[in-house]
Amino acid sequence: MAEPASLRARLLRGMLVPLSLLLLVGVAGGYVTARAVAEDLYDGELAEIGRELLLHVRAGGPEARFDLPPEAQRTLLLDQYDEVSYALRAPGGATLAGAAALPPAPRLPAPGEALFADGSYRGQAVRIATLRGPAGTLVQVAETRIKRRRLTEELLLGLALPQLALLVAAGALLWWGVARGLAPLEHLRAEVAARSHLDMSPVAAGDAPAEVRPLVSAVNELMQRLNGVLDAQGRFIADTAHQLRTPVAGLKAHIEVALREEDLAQTRRALAHLYVSAERLAHLVAQLLSLARNEPHAATTRAFARVDLNQLALETATEWVAQAYAKDIDLGFEGAEGPVPIRGDTVRLVELINNLVDNAIRYTQRGGRVTVRVAPDGPPRLSVSDDGPRIPPEERERVFERFHRLLGTQAEGSGLGLAIVRDIATLHGASIMLEDDVDGVGNTFTVCFPAEGHITAA
């Protein structure tokens, strides 16, 4: 596949090709003009020769006579470049003098009119002038086209050379102008090429043309998004390395204890601890992967579609009945009477609800209550209330940070659930609030979604 032409070549071709076509049109027009000038000039001379010949026609008696001596004929018809011939014809067409082989005139000229036509004589192209004389006689004067052709070529050359010189000068100026105009692009190219792969700072537009600035802005936005993705990956790697170190070390310790124990009961107890640690590690890994997948800067696909938030919340909350029952927690659902449509990614929305309900059950004391609500009035809202420890106002922003956990809580957790909820809400253009529960015990997390149609798939 051929490489695409450079911008310089496209610009020059786009300007020089039309100029070349204009030059060709100008040369063609100049040729027509030069030929017309040559024809007018030498046609006049040819007509003058014909009139001079008619002055020597004598119309006496029944026939006309021609009394121009041969020496005078040779002088009159003498030309430096062309051969000049004539024919004097009677009204009936008989040749009275001159070359009888000259082709006849296409029509009779009016009295005093000189009729001009192109023809051929002795195998040469000639120009023929026909004039009417006394007593109905006709005189024809034929001349070869040598000096007409030479004058046409000289005039055409005089017209074309300045135009060609102008085209060459215009081409040189265009080349210089295009090179000067593309210099800022070359500076941009050099600046980008000289950058390190770790440098994500914005590219300076400098003196770039206005047409290029949107491209520079788009590149800077892309670099900003890429920087966000790289930062998210860096944080994920750092968080993963930090968070996995302790559970992996715990797994190794429990395995070592189990291997050293000879008492079967102690071995079973060590294996039980090992299972709990493995379960915590699996939960942590799942949370870390979910966090990476839902990072706003890293999420590349958003399969948004119409979703019934009421039905989705009911189905998801129902799956937590067994866990709530195991802790003697009253898990309730207060839904809308009809569908509550929003646009979103079903998989991610299920994950958001799961994390809110899991967080509520995990921190609610035994015998407490957890309620999932869907409010249809106004913007669609999903809220989860619990009877867990009240989160003070100064901590309500920090609980959505990664690995942040309230002091004094005994519940097991990774500190990632609410961070995942926040990221998923951000992807859907939703806001999340944390308030005291309406009954004064526990907390209420509320996710407020945009109305259906305000979110489009990316």
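Residues numbered from 1 in each chain as written. Predicted model: local features only at pLDDT ≥ 70, side-chain atom pairs only at ≥ 80, totals over all residues. Heavy atoms only, no water.

### What to know about the packing of helix H1 (residues 7-54) against helix H3 (residues 146-193)
Applicable threshold: Axis angles are defined between N-to-C directions and span 0 to 180 degrees, where every axis is a line fitted to C-alpha atoms and, for a helix, only to the segment in contact. Starting at the N terminus, helices and strands are each numbered in turn, a helix being any DSSP run of H or I of at least four residues and a strand any DSSP run of E of at least two. Between 65 and 115 degrees an angle is taken as roughly perpendicular, under 35 as roughly parallel, over 145 as roughly antiparallel, and anywhere else as oblique. Left-handed describes a crossing in which the near helix is turned anticlockwise from the far one by less than a right angle; the clockwise case is right-handed. Residue polarity follows a fixed list, in which Ala, Val, Leu, Ile, Met, Phe, Trp, Tyr, Cys and Pro are nonpolar, Asp, Glu, Lys and Arg are charged, and the others, Gly among them, are polar.
Packing of H1 against H3 leaves a shortest axis separation of 8 Å and a crossing angle of 165 degrees. As judged from the angle between their axes, H1 and H3 are roughly antiparallel. The element H1 and its partner H3 pack so that their crossing is right-handed. Across the contact of H1 with H3, the residue classes tally to 29 nonpolar, 6 polar and 7 charged.

### As for the sheet that holds strand S3 (residues 84-89)
Just so we agree on the cut-off: At least two bridges found by DSSP between two strands is the condition for calling them paired. Between two residues, a contact is recorded if the distance between any of their heavy atoms is within 4.5 Å.
The strand order across the open sheet built from 5 strands is S4-S3-S7-S6-S5, with neighbouring strands paired in antiparallel fashion. Both outer strands of the open sheet, strand S4 (95-98) and strand S5 (114-121), are each paired with one neighbouring strand and no more. Between one strand axis and the next, the sheet turns by 20 degrees as a mean value, whatever way the strands run. Across 6 bridges, S3 lies against strand S7 (residues 138-144) in antiparallel orientation. Its bridge partner being in S7, Tyr86 is matched across the sheet by Val141. Across the sheet, H1 lies against S3, S5, strand S6 (124-132) and S7, angled at about 50 degrees from S6, the strand it touches most.

### As for the pattern of salt bridges
What counts, and what does not: Any carboxyl oxygen of Asp or Glu that lies within 4 Å of a side-chain nitrogen of Lys or Arg is treated as forming a salt bridge with it. Any residue under 20% of the maximum accessible area for its type is buried, any over 50% is exposed, and the rest in between are partly exposed; the area is computed with a 1.4 Å probe on protein chains only.
As enumerated under the stated definition, the model contains 19 salt bridges in all. A salt bridge links Arg148 to Glu143; the nearest nitrogen and oxygen atoms lie 3.6 Å apart. Taken as a pair, Arg148 and Glu143 share a single burial class, namely buried. Sharing partners across several salt bridges, the network here consists of Arg35, Glu39, Asp43, Asp79, Asp82, Asp118, Arg127, Glu143, Arg145, Lys147 and Arg148.

### Considerations on the sheet that holds strand S9 (residues 330-334)
One open sheet accounts for 5 strands, arranged S9-S11-S12-S14-S13; its pairing is mixed. Looking at strand neighbours, the two that pair on one side only are S9 and strand S13 (431-436), the edges of this open sheet. The average angle at which neighbouring strand axes cross in this sheet is 15 degrees, direction not considered. Across 6 bridges, S13 lies against strand S14 (residues 443-448) in antiparallel orientation. Each bridged residue has a counterpart across the sheet, and for Glu435 the counterpart in S14 is Thr444. Across the sheet, helix H8 (residues 346-363) touches strand S11 (369-375), strand S12 (381-385) and S14, and the angle it forms with S12 is around 20 degrees.

### What about the confidence of the model for the protein chain?
The predicted structure's coordinates, where accompanied by low pLDDT, should not be read in detail. The following threshold applies: You can read pLDDT as the predictor saying how much it trusts each residue, on a scale of 0 to 100.
The share of residues in the protein chain with pLDDT of 70 or more is 84%, and the mean pLDDT across the chain is 81. Predicted confidence for residues 453-458 stays below pLDDT 50, and this span has 10 contacts to residues more than four positions away or in other chains.

### Describing a nonpolar patch on the surface
Definition in use: Surface patches are drawn from residues lacking salt bridges whose relative accessible area is over 30%; two like charges belong together within 9 Å, two nonpolar side chains (Val, Leu, Ile, Met, Phe, Trp, Tyr) within 5 Å. All accessibility values rest on the Shrake-Rupley procedure with a 1.4 Å probe; residue burial counts only the protein chains present in the view.
A surface patch of nonpolar side chains, amounting to about 380 Å² of accessible area, comprises Leu157, Leu161, Leu164 and Val168. Take Leu161: it is sitting in helix H3. Overall, the relative accessible area of 49% leaves Leu161 in the partly exposed class.

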